[in-house]
Amino acid sequence: MEYLPNILFAVILAAGIGYFAKNVKKLIRNIKLGRDVDLSDNKSERFKSMAMIALGQSKMVRRPVAGILHIIVYLGFIIINIEVLEIIIDGLFGTHRIFSGIGATYGFLIGAFEVLALLVFVSVIVFWIRRNIIKLKRFWKAEMTSWPKNDGNFILYFEMVLMTLFLVMNAADVHFQAMNSGNVISQFIAPWFGGFSEGTLHFIERGAWWFHIVGILVFLNYLYFSKHLHILLAFPNTYYGKLAPKGQFNNLESVTNEVKMMMDPNIDPFAAPAEGTEPAMPEKFGASDVQDLSWVQLLNAYTCTECGRCTSECPANLTGKKLSPRKIMMDTRDRLEEVGKNIDANNGEFKADGKQLLGDYISTEELWACTTCNACVEACPVSIDPLSIILEMRRYLVMEQSAAPTELNNMMTNIENNGAPWPYSQMDRLNWKDE
Amino acid sequence: MSEVLKVPSMAECMAEGRQPEILFWVGSAGSYDDRAKKITRAFVKILNKANVDFAVLGTEESCTGDVAKRAGNEFLFQMQAVTNIEILNAYDIKRIVTACPHSYNTLKNEYPQLGGHYQVQHHTQFIDELIQSGRLKLERENTFKGKRITFHDPCYLGRANDVYEAPRALLQTLGVELVEMKRHKKTALCCGAGGAQMFKEPEKGDKDINVLRTEDALETNPDIIATGCPYCNTMMTDGVKVKEKDADISVLDVAELIANAQNL
Ligand code: SF4
Ligand code: SF4
């Protein structure tokens, strides 16, 4: 019986980590549903942007209030989690504050954790106020209904509770308070429990300890379902972020091959394929569903924090159009999840469900409202490129469906006929010289 | 009919057996759009004044395909690109200067994958270089000195290619009072023309983007709104008209400011 808590702890820990691992596997599988792109280039430059943007939060501070608060929560969260190591060892081996033996350093560490915990708590409250009382515009746009809105608040409640439990655990720890080293914050909470018997205090301390670690495991498993996944994916996502100038749109190789064939007088486009070679399936141009996007674009979708910085700078959205780059990312993730569940339910094979990203999630009206201005890409604190998805879907509309707006079709016909988007003769190109 | 400009074509240079220092890529707007043609002429006046040995493709130039690519027609874009690259490479072009940020971006960033490798500059960068190297001398005493001017960053020059300083440096040389809009450089708001929007009606909304951007500019209380893109120029000019400010505020390209300041 003596080992019951230890065994219970081990079971909970294994279950928590096991379920998380299972979801990580699913996540990776879903991301790999995307088309392949080779991003093994420029390793040092990529590490640099990851260090600057994800680790160094360089883009967060462009909006100073949110940026600084976010850095507190981010640092606090990472640093306080060092304490989890002690909790796990204590839990598994039935020890109590195993590291306290290291003396003054321990006091210093826990003291720092306590200060951070308080700072995190306060920051999270401010975040909550910004969302729910001040109602910052970007948190109340059309796509921020039900789940996305609740998700944002749940995370804040989670953090409030976890920080409180950590401080209460320390405050109710008679032993730790007696040491009087490191209880920088908790010493002010301890008096609240002044009249309690030692037994009650022990019960509170144990309770807080258990809730704290179970809370962390629940939180870990909540990530997969939440925008909070960014705390993990921000790192790979910034690593694989676009390095080329923002104005450079990718070259479609499949088109290049066809254009070369058409332009090369030595190739007969109607010739039968050479013996033994399969006639190549013409590749689908552009994207109508998530599988047509690249794996980086799918990684982008899972990384999106739904912060809305992109949308709040988007000229189309600012002038009341339906387009919202954040919604593009959220739709992509939702559809990808749907496809993933479909695969799970059908023994690893995707069964056509009569739905797709284009039309069922993202409308053509949204796609055609984009000015390709790159404001969203510039604003995103975790290097997401919503514009690339918009472009890929336009490509599908135009090249697979010939479904561009009429005016654009006219413009393109002009280019084909006379090399300019207007119906002027190419022979008049130099007329400006003498006007 | 204004004064005669020296505008040699590549075909003429070829016939004379010489290679000009730069190719001036005029672009479709610069060739056909009445407002943009004035910018083209202003830039050529500067080139003539500084005795720059340049040439244009003239009737051999064709749309870069930028707008087709952004509309999603990669096919048409690549056809245009390959055709242009064939001509550029046949003339052995090394350096290109253009007054259109869209051409600039496409030539510089999207032609290399299709076999077109050139050193490409926006006209503001090139003019800045002419001044730095002493080839072009500007009078500090000029009609624009002390005027309040705000600069609208074209998306395809600024955010797309991180060129923010060259146009501003030129305005500074004119001794103007440069006032920045709240959203400028990296956070500049689009004029609403990019991504093929220039050629279609906007989607349903509650405002036109160019009006919103003009409001940004008007907040700075400018005498002149300067920009560096023919499409931005059209959008801002229309915006100023909507706001009924066209009697007091003009929209000018940086090249026009320089040419006018020097009475070219
Ligand atoms: S690129 Fe398109 S989606 Fe992104 S901010 Fe500009 S208009 Fe909006
Ligand atoms: S794409 Fe980037 S900026 Fe936009 S909501 Fe997601 S994380 Fe925020």
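Per an unreviewed UniProt entry, chain B carries the name (Fe-S)-binding protein and comes from Aestuariibaculum suncheonense.

By the naming in an unreviewed UniProt entry, chain A goes by (Fe-S)-binding protein and is assigned to Aestuariibaculum suncheonense.

Novice: Report on the overall build of chain B, specifying residues and quantitative values.
Specialist: For chain B, the count of helices and strands is 11 helices and eight strands. Whereas a compact globule of 264 residues would reach a radius of gyration of roughly 18 Å, chain B reaches 18 Å, a difference of no more than 12%. With the C-alpha coordinates aligned to their principal axes, the bounding extent of chain B is approximately 50 × 45 × 35 Å. Burial statistics for chain B: of 264 residues in total, 65% are counted as buried. Taking the intrachain contacts of chain B between residues at least 6 apart in sequence as the baseline, contacts between residues at least 24 apart amount to 78%. With an accessible surface of roughly 9500 Å², chain B has 49% of that area assigned to carbon and sulfur atoms. If you average the places of the 32 positive and of the 37 negative side-chain charges in chain B, the two averages end up 4 Å apart.

Novice: Which residues make up the domain arrangement of chain A, and what values do they have?
Specialist: Residues and elements named next belong to chain A. Domain annotation for chain A reports domain 1 (4–31 + 63–239) and domain 2 (253–259 + 283–418). Computed over C-alpha atoms, the centres of domain 1 and domain 2 are 36 Å apart. On the domain 2 side, the residues contacting the 26 residues of domain 1 number 30 residues. Interface area for domain 1 against domain 2, summed over the two sides, is near 2300 Å², with a carbon-plus-sulfur share of 51%. Three residues, I31, E143 and N237, lead the burial of domain 1 against domain 2; their summed loss comes to 27% of the area buried on that side. Linking domain 1 with domain 2 are four salt bridges, by the criterion used here. E143 serves as the salt-bridge partner of R326, at 3.0 Å between the closest nitrogen and oxygen.

Novice: Which residues make up the packing of aromatic side chains, and what are the values?
Specialist: All names here are of chain A. Applying the stated criterion across every chain, the model contains 18 aromatic pairs over all chains. Relative to Y222, the ring of W147 lies with its centre 6.1 Å away and its plane at 65 degrees, an arrangement referred to as edge-to-face. Remark: Y222 occurs in helix α9 (residues 198–222) and W147 occurs in helix α6 (residues 146–171); sequence separation between them is 75 residues. Y222 gets classed as buried once you look at its relative accessible area, which sits at 13%. On the basis of an interplanar angle of 85 degrees and a centroid distance of 4.9 Å, the ring pair of Y240 and W295 is categorised as edge-to-face. Residue Y240 is located in the loop between α10 (230–239) and α11 (253–263), and its partner W295 is located in helix α12 (residues 295–303); the two are separated by 55 residues in the primary sequence.

Novice: Can you lay out the interface of chain B and chain A for me, pointing to particular residues and giving the numbers?
Specialist: Each partner contributes residues to the interface: chain B has 71 residues there, and chain A has 59 residues. The largest share of the area that chain B buries against chain A comes from Y32, F75 and F199 of chain B, three residues that together contribute 13% of it. Where chain B touches chain A, the interface holds four salt bridges. Salt-bridge contacts for E435 of chain A lead to K37 of chain B; the nearest nitrogen and oxygen are separated by 2.8 Å. The tally of links from chain B across to chain A stands at 35 residue pairs in polar contact (both at pLDDT 80 or more). Elements with a contribution of two residues or more to the side of chain B that touches chain A: α2 (27–32), α3 (34–49), α4 (66–71), α5 (74–90), α6 (101–110) and α9 (209–218) of chain B.

Novice: Just give me the short version of the site of ligand 2, but keep the residues and values in it.
Specialist: Residues and elements named next belong to chain A. Around ligand 2 sit 13 residues in total, of which C304, C307, G308, C310 and C380 are the nearest. Looking at the shell around ligand 2, the elements that each hand over two or more residues are α13 (309–313) and α15 (325–345). Of the residues contributing to the shell around ligand 2, the split by class is eight nonpolar, two polar and three charged.

Novice: I'd like to hear about the sheet that holds strand β7 (residues 224–227) of chain B, residue by residue, with values.
Specialist: Across a sheet, strands are paired by hydrogen bonds formed along the backbone, either parallel or antiparallel in direction. Residue and element names in this part refer to chain B. Spatially, the four strands line up as an open sheet ordered β6-β5-β7-β8, and their pairing is parallel. Edge positions in the sheet fall to β6 (177–178) and β8 (250–253), since each has one partner strand and no second. Inspection of the sheet shows β7 paired to β8 by four bridges, in the parallel sense. By the bridge assignment for β8, A226 is matched with L252. Across the sheet, helix α10 (residues 230–242) touches β7 and β8, and the angle it forms with β8 is around 170 degrees.

Novice: Got a sec to walk through a nonpolar patch on the surface? Specific residues and values, please.
Specialist: All names here are of chain A. On the surface, L85, I98, F99, I102, F108 and L109 cluster together into a nonpolar patch covering about 560 Å² of accessible area. Inspection of the secondary structure puts I98 in the loop between α4 (82–93) and α5 (104–132). A relative accessible area of 37% means that I98 is categorised as partly exposed.

Novice: Go over the UniProt feature "domain: Cysteine-rich" (unreviewed entry) in chain B, please, and point to the residues and values.
Specialist: Under the UniProt annotation, "domain: Cysteine-rich" (unreviewed entry) lies at residues 32–107 and 149–236 of chain B. Along residues 149–236 of chain B, the helical share is 30% and the strand share 10%, with 14 Å between the first and last C-alpha atoms.

Novice: Residue-level account of the pattern of salt bridges, with values.
Specialist: Residues and elements named next belong to chain A. For the coordinates displayed, the defined rule picks out 45 salt bridges over all chains. Measuring nitrogen to oxygen at the nearest pair gives 3.2 Å for the salt bridge that ties K246 to E378. Here K246, found in the loop between α10 and α11, pairs with E378, found in helix α18 (residues 375–379); they are 132 residues apart in sequence, far enough to count as distant. The same class applies to K246 as to E378, namely buried.

Novice: Could you give me a rundown of empty space enclosed by the protein, with the residues and numbers involved?
Specialist: Residue and element names in this part refer to chain B. For the structure on display, the rule yields nine cavities of 30 Å³ or more. Here the largest cavity defines a volume of roughly 130 Å³. S28, C63, T64, S103 and Y231 are, among the 16 residues lining the largest cavity, the residues nearest its centre. Sorting the residues of the lining of the largest cavity by element identifies α2, α4 and α6 as the ones contributing at least two each. Counting residues per element, the lining of the largest cavity draws most heavily on α2, at three residues. Of the residues in the lining of the largest cavity, the class split is seven nonpolar, six polar and three charged.

Novice: Break down the side chain of N300 of chain A for me, with residues and values.
Specialist: Residues and elements named next belong to chain A. Assignment of secondary structure puts N300 in helix α12. Using a relative accessible area of 3% as the deciding quantity, one classes N300 as buried. N300 has contacts with N237, M329, S383, I384 and D385, leaving out every residue within four places of it along the chain.

Novice: If you had to explain the nonpolar core to someone new, which residues and values would you point to?
Specialist: Membership of the largest hydrophobic core comes to 96 residues, with the highest contact counts inside it found for Y302, L323, M393, L408, M411 and M412 of chain A together with Y231 of chain B. Here the element with the most residues in this core is helix α19 (residues 386–400) of chain A; it accounts for nine residues. Residue contacts for Y231 of chain B: discarding those within four places in its chain leaves W422 of chain A together with A29, C100, H102, C191, A193, M198 and F199 of chain B. One finds F9, L116, M160 and L217 of chain A within the second-largest nonpolar core, a separate group that totals 42 residues.

Novice: Break down unusual backbone geometry for me, with residues and values.
Specialist: In the Ramachandran plot, Q57 of chain A falls in the positive-phi region, its phi being about 55 degrees despite a non-glycine side chain. Structurally, Q57 of chain A is set in the loop between α2 (43–55) and α3 (64–80). Note on Q57 of chain A: relative accessible area 7%, which makes it buried. Here the phi dihedral of D92 of chain B falls at roughly 60 degrees; this positive angle occurs in a residue that is not glycine. Inspection of the secondary structure assignment puts D92 of chain B in the loop between α5 and β3 (95–98).

The rules behind each value
Residues numbered from 1 in each chain as written. Chains lettered and ligands numbered in written order. Predicted model: local features only at pLDDT ≥ 70, side-chain atom pairs only at ≥ 80, totals over all residues. Heavy atoms only, no water. Helix = DSSP H or I, 4+ residues; strand = E, 2+ residues; numbered from the N terminus. Rg over C-alpha atoms; globule rule 2.2 N^0.38 Å. Buried < 20%, exposed > 50% of the residue type's maximum accessible area, 1.4 Å probe, protein only. Contact = heavy atoms within 4.5 Å. Areas by Shrake-Rupley, 256 points an atom, 1.4 Å probe, with all protein chains shown as cover. Lys, Arg positive; Asp, Glu negative; His and termini not counted. Charge placed at Lys NZ, Arg CZ, Asp CG, Glu CD. Domains from an automatic or database assignment. Buried area = accessible area lost by both parts, 1.4 Å probe. Salt bridge = Lys/Arg side-chain N within 4 Å of Asp/Glu carboxyl O. Phe/Tyr/Trp six-rings, centres within 6.5 Å; stacked < 30°, edge-to-face > 60°. Polar contact = N/O pair within 3.5 Å; in protein donor to acceptor, adjacent residues only side chain to side chain. Near = heavy atom within 4 Å. Nonpolar A, V, L, I, M, F, W, Y, C, P; charged D, E, K, R; others polar. Pairing = 2+ DSSP bridges. Axes fitted to C-alpha atoms, helices over the stretch in contact; angles between N-to-C directions. Patch = residues over 30% accessible without salt bridge, like charges linked within 9 Å, V, L, I, M, F, W, Y side chains within 5 Å. UniProt positions renumbered as here; feature names shortened; annotations may be inferred. 1 Å grid on protein atoms, 1.4 Å probe; cavity = no way out; pocket = protein on both sides within 12 Å on 5 of 7 lines; lining within 4 Å. Points joined across faces, edges and corners; volume = space filled by probe spheres on them. Core = buried A, V, L, I, M, F, W, Y, C linked by side-chain atoms within 4.5 Å.

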